[in-house]
Amino acid sequence: MLNRSNRPPRPTLTGPIFLYALVDMFGLACVGIGASWFAAGKGAILANFPTSTVEAVACTAGGVAVMLWAVVHILRELAKQSPQMQAKFDAYISANHPDKVRKAPENEQD
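The text that follows walks through the structure, step by step, so that each part is easy to find. Just so we're clear, the structure is a prediction, and the values are computed from it rather than from any experiment.

To continue, consider a nonpolar patch on the surface. A surface patch of nonpolar side chains, about 520 Å² in accessible area, is lined by L13, F18, L19, L22 and M25. With respect to the secondary-structure elements, L13 resides in the segment before α1 (15-40).

Structure below.
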């Protein structure tokens, strides 16, 4: 198996991140369904959808909007983990690369 202590820390997968990822996949599916009409001239993934250029554009644009919304929320959830991730990364660096440990900023008083 892999030596997990030798890899950099990764963010924790939480419930909200997972749900936003599912929404992102739904948006990707909408983009694929809408864009398939442009490639084939008919509904290539679903037999009867989209049936017109308007439906294909709406499906593709809606999918892009849903994907952007989900990515913004995923990044927001990951930003909430930043203090915890910084502490884990500092511990990883000190354990595996002691020559690259960041020095604590000194408080200068005038």
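So much for the structure itself; the text now carries on.
Now for the pattern of salt bridges. Applying the stated criterion across every chain, the model contains one salt bridge. K80 is paired through a salt bridge with E77; the nearest N and O atoms lie 3.2 Å apart. Placement of both K80 and E77 in helix α2 (residues 53-80) is noted, with a separation of three residues, approximately one turn of the helix. The class of K80 is exposed, set by a relative accessible area of 59%. Residue E77 is classed as buried on the basis of its relative accessible area, which comes to 15%.

We now examine unusual backbone geometry. That bond from F49 to P50 is cis: its omega, -10°, falls within 30 degrees of zero. For P50, the location among the structural elements is in the loop between α1 and α2.

With that out of the way, let us pick up the environment of F38. With respect to the element layout, F38 can be found in helix α1. Assessed through its relative accessible area of 45%, F38 is described here as partly exposed. A sequence separation of 30 residues divides F38 from P8, and the C-alpha atoms of the two residues are 42 Å apart. When neighbours within four sequence positions are excluded, F38 is seen to be in contact with T53, A56, V57 and T60.

Rules of the game
Residues numbered from 1 in each chain as written. Predicted model: local features only at pLDDT ≥ 70, side-chain atom pairs only at ≥ 80, totals over all residues. Heavy atoms only, no water. Patch = residues over 30% accessible without salt bridge, like charges linked within 9 Å, V, L, I, M, F, W, Y side chains within 5 Å. Areas by Shrake-Rupley, 256 points an atom, 1.4 Å probe, with all protein chains shown as cover. Salt bridge = Lys/Arg side-chain N within 4 Å of Asp/Glu carboxyl O. Helix = DSSP H or I, 4+ residues; strand = E, 2+ residues; numbered from the N terminus. Buried < 20%, exposed > 50% of the residue type's maximum accessible area, 1.4 Å probe, protein only. Contact = heavy atoms within 4.5 Å.

Spatial relationships are all this shows, so hold off on functional conclusions.
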